[in-house]
Amino acid sequence: MDFAIKTGAPEKQRSGCLVVGVFEKRQLSPQAASVDKAAKGYLRDLLKAGDMDGRAGQQLLLPRVPGITADRVLLVGMGKEKELTERVYRQAVLTMHATLANAGAKDAICYLPQAQIKNRDLAWRIRDAAQTLELLDYRFEACKSKKNGQKSALRKVGFSAASKSEAAKAEQAAAQGQALGNGMNLARELGNLPGNICTPSYLAEQAHGLGERHPSVEITVLDEPAMEELGMGSLLSVSHGSQEPARLIVMHYRGAGEREQPYALVGKGITFDTGGISLKPGAAMDEMKFDMCGAASVFGTLEAVAQLELPINLVGVIPAVENMPDGKATKPGDIVTSMSGQTIEILNTDAEGRLVLCDALSYVERYKPRSVVDIATLTGACIIALGNHMHGLMGNNNALVSELLAAGKAADDPAWELPLGPEYDELLKSNFADMANIGGRAAGTITAGCFLARFTKKLRWAHLDIAGTAWKSGEQKGATGRPVPLLTHYLIEQAGKRKS
Ligand code: BES
Ligand code: MN
Ligand code: ZN
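Residues numbered from 1 in each chain as written. Chains lettered and ligands numbered in written order. Predicted model: local features only at pLDDT ≥ 70, side-chain atom pairs only at ≥ 80, totals over all residues. Heavy atoms only, no water.

Now for helix α1 (residues 30-38). Here α1 has its buried residues at Q31, A32, V35 and D36. On an axial view of α1, the arc spanned by its buried residues comes to 145°, and they lie on one face. Opposite its buried face, α1 presents the exposed residues P30 and K37, each directed more than 90 degrees away. Following α1 by one or two positions, K40 has its phi on the positive side, about 55°. (Buried < 20%, exposed > 50% of the residue type's maximum accessible area, 1.4 Å probe, protein only. Helix = DSSP H or I, 4+ residues; strand = E, 2+ residues; numbered from the N terminus. Arc of directions from axis to C-beta.)

Here it is in structure tokens:
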């Protein structure tokens, strides 16, 4: 989708459609009012006649409105003006898209971001609309025999700005919304691909593709012998049962000077999680193809950051491994040595995410990162605790945790903090090794966080458990692209701070 910023009166715009808001009850937005004035009261007459009263969800498409240069005018109901929320606003953008797609309009100018939402400025409203429209353009077709199903003709959307200075901000907001949408769509595509296609080697190839699209990103891929050399006994133990060789993928984005310390993201990339010898039950096991959504969010965030050319350095690290049962697979009770030197008794081979993450986290120490955020579909317990709305967030640095919480709120991609602490950490005790890889049923998300904390003592680190938020089940089954918005916002904020 292409976006543009328009100044000037709506009634004079040349476009396939002008999209303007109407509030309850029968109250024209200022932009609708100027259209109405040019059309000599045509809109008011329609509202009076009862064609529309402005309730959320309503819409009225008007072809060839007199006095207007645009081909069509679309009125979109936005509910009570004083009560406009993010949800109603987004719904209005969805309604606009659905109606325009049906009408066959190729381009439109959208005035919906001119409406006020509490604590959300014009830049937020434009960014959110651009992101929503970009997401609506995505279909999973890689594995369908008939492509290009029902894509809408809508290719170009303009947003309005009142002044030159507002136009510059609006321009930037539209670019951010577009980059976020593209990043999320990349994450969704990788997440949705099945385990027989999206293997560790496939992810490595995709990384090379990203590096080719963006010369600012350098790709390095370590194979199993290279990981062996580094002593990644924990990561490799997860790979033993698989015919697919593991990969450690490193994507290095350079947007700032060579001496600037980078930010780091580490994404769990289990391309399929059977549970290993601690085999999972069969029901819904297909959904374990989504167990690389942390990795996918690292891809998506790098894509967005590279598109926006943010003035920071950023390293994305992905331990990509398939977790399978086999004669060679790791068994419950096996003890492995991690890259950090700490030994781990693997009591449950289904707690594999932490086993690959701990070595990847040790690996990023070499970059002396400003901060490290790992992202993982780590525990079913996180779904029990927080459902499908908030990511679980833990960390060893209060400032970093606060920044991530704030980024989640700003991006409408929220996280909720859970505690770490010695009371929980004790649950990882093992009689035979430095620690066990599970802590029992209680506080499963937190003990997983405590496990990772043992490998991040030298880092300013936070952990996002996205088990409940990375994909949807049921009829709408599919990857969501979260937490690309949270991560990208965090990095945009950091880039802003470093510049000023
Ligand atoms: N990938 C799963 C976590 C998961 C489960 C995410 C269901 C989304 C939906 C992870 O590898 C896992 O199996 N975790 C175990 C840990 C347990 C053995 C301590 C879990 O949550 O049951
Ligand atoms: Mn598992
Ligand atoms: Zn897993």
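Still more ground to cover, so stick around.
Ideal donor angles around a metal are set by the shape: a four-donor tetrahedron calls for 109.5 degrees, a six-donor octahedron for 90 or 180 degrees. Coordination sphere of the manganese ion (ligand 2), protein contribution only: D273 (OD), D350 (O), D350 (OD) and E352 (OE), at 2.0 to 2.2 Å. Coordination at the manganese ion (ligand 2) is irregular, judged from the 6 donor atoms that bind it and the angles of 70 to 167° they form at the metal. Between the two metals, the manganese ion (ligand 2) and the zinc ion (ligand 3), the spacing is 3.2 Å, and D273 donates to both. Here D273, found in strand β11 (residues 269-273), pairs with D350, found in the loop between β14 (343-346) and α10 (353-364); they are 77 residues apart in sequence, far enough to count as distant. Residue D273 is classed as buried on the basis of its relative accessible area, which comes to 3%. (Donors = N, O, S within 2.8 Å, 3.2 Å for Na, K, Ca; no water. Tetrahedral: all angles 85-135°; square planar, octahedral: opposite > 155°, others 65-115°.)

On the protein side, the zinc ion (ligand 3) has K268 (NZ), D273 (OD), D291 (OD) and E352 (OE) as donor atoms, found 2.0 to 2.4 Å from it. Each of the 6 donor atoms bound to the zinc ion (ligand 3) contributes to angles spanning 79 to 175°, and the resulting shape is octahedral. For the zinc ion (ligand 3), the single-chain donor residues occur in sequence as K-x4-D-x17-D-x60-E.

To continue, consider the site of ligand 1. Ligand 1 sits among 17 residues. The nearest are K280, D291, D350, E352 and G380. Within the contact set of ligand 1, an oxygen atom lies 3.2 Å away from a side-chain nitrogen or oxygen of K268. One nitrogen or oxygen atom from the side chain of D273 is found 2.9 Å from an oxygen atom belonging to ligand 1. Computed on the free molecule, ligand 1 has an accessible area of 510 Å², of which 78% lies beneath the protein chains in the complex. (Near = heavy atom within 4 Å. Polar contact = N/O pair within 3.5 Å; in protein donor to acceptor, adjacent residues only side chain to side chain. Areas by Shrake-Rupley, 256 points an atom, 1.4 Å probe, with all protein chains shown as cover.)

A few words on the side chain of S239. Structurally, S239 can be placed in helix α8 (residues 233-239). Separated by 2.8 Å, the side chains of S239 and E224 make a polar contact. Sequence-distant contacts of S239, that is, excluding residues within four places in its chain, are made with E224, E244, P245, A246, V321 and E322. (Contact = heavy atoms within 4.5 Å.)

A few words on the domain arrangement of the protein. Here the protein is described as being made up of domain 1 (2-157) and domain 2 (187-499). Centre-to-centre separation of domain 1 and domain 2, based on C-alpha positions: 39 Å. Across the boundary between the two partners, domain 1 contributes 12 residues, which contact 11 residues of domain 2. Across the interface of domain 1 and domain 2, roughly 910 Å² is buried in total on both sides, 49% from carbon and sulfur atoms. Summed over the three residues of domain 1 that lose the most area to domain 2, namely R120, Y138 and F140, the buried surface amounts to 43% of that side. If you look at where domain 1 meets domain 2, you find 1 salt bridge. Of the charged contacts, one joins D412 and R90 as a salt bridge, the two residues approaching to 3.4 Å between their closest N and O atoms. (Domains from an automatic or database assignment. Buried area = accessible area lost by both parts, 1.4 Å probe. Salt bridge = Lys/Arg side-chain N within 4 Å of Asp/Glu carboxyl O.)

In this section: the packing of helix α9 (residues 293-308) against helix α15 (residues 484-499). Following both chains from N to C, one finds α9 and α15 inclined at 40°, their axes separated by 9 Å at the closest point. The orientation of α9 with respect to α15, classified from their angle, is oblique. Handedness of the α9/α15 crossing: right-handed. The residues of α15 that touch α9, namely those facing S297, G300, T301, A304, V305 and L308, are V484, L487, T488, L491 and I492. The residue inventory of the contact of α9 with α15, partitioned by class, reads 7 nonpolar, 4 polar and no charged. (Axes fitted to C-alpha atoms, helices over the stretch in contact; angles between N-to-C directions. Parallel < 35°, antiparallel > 145°, perpendicular 65-115°, else oblique. Left-handed = near helix turned anticlockwise from the far one by under 90°. Nonpolar A, V, L, I, M, F, W, Y, C, P; charged D, E, K, R; others polar.)

A few words on the packing of aromatic side chains. Per the stated rule, a full pass over the model turns up 5 aromatic pairs. Where F3 meets F159, the ring centres are 5.8 Å apart and the plane angle is 20°; that geometry is what we call stacked. A residue pair is termed long-range when its members are at least 10 positions apart, and F3 in strand β1 (residues 2-6) and F159 in strand β7 (residues 156-160) qualify at 156 residues. Take F3 and F159: they sit in the same class, and that class is buried. Look at Y263 and Y490: their rings are 6.1 Å apart centre to centre, the planes differ by 90°, and that puts the pair in the edge-to-face class. Note that Y263 is positioned in strand β10 (residues 263-267) and Y490 in helix α15, a separation of 227 residues in sequence. For the pair formed by Y263 and Y490, the shared burial category is buried. (Phe/Tyr/Trp six-rings, centres within 6.5 Å; stacked < 30°, edge-to-face > 60°.)

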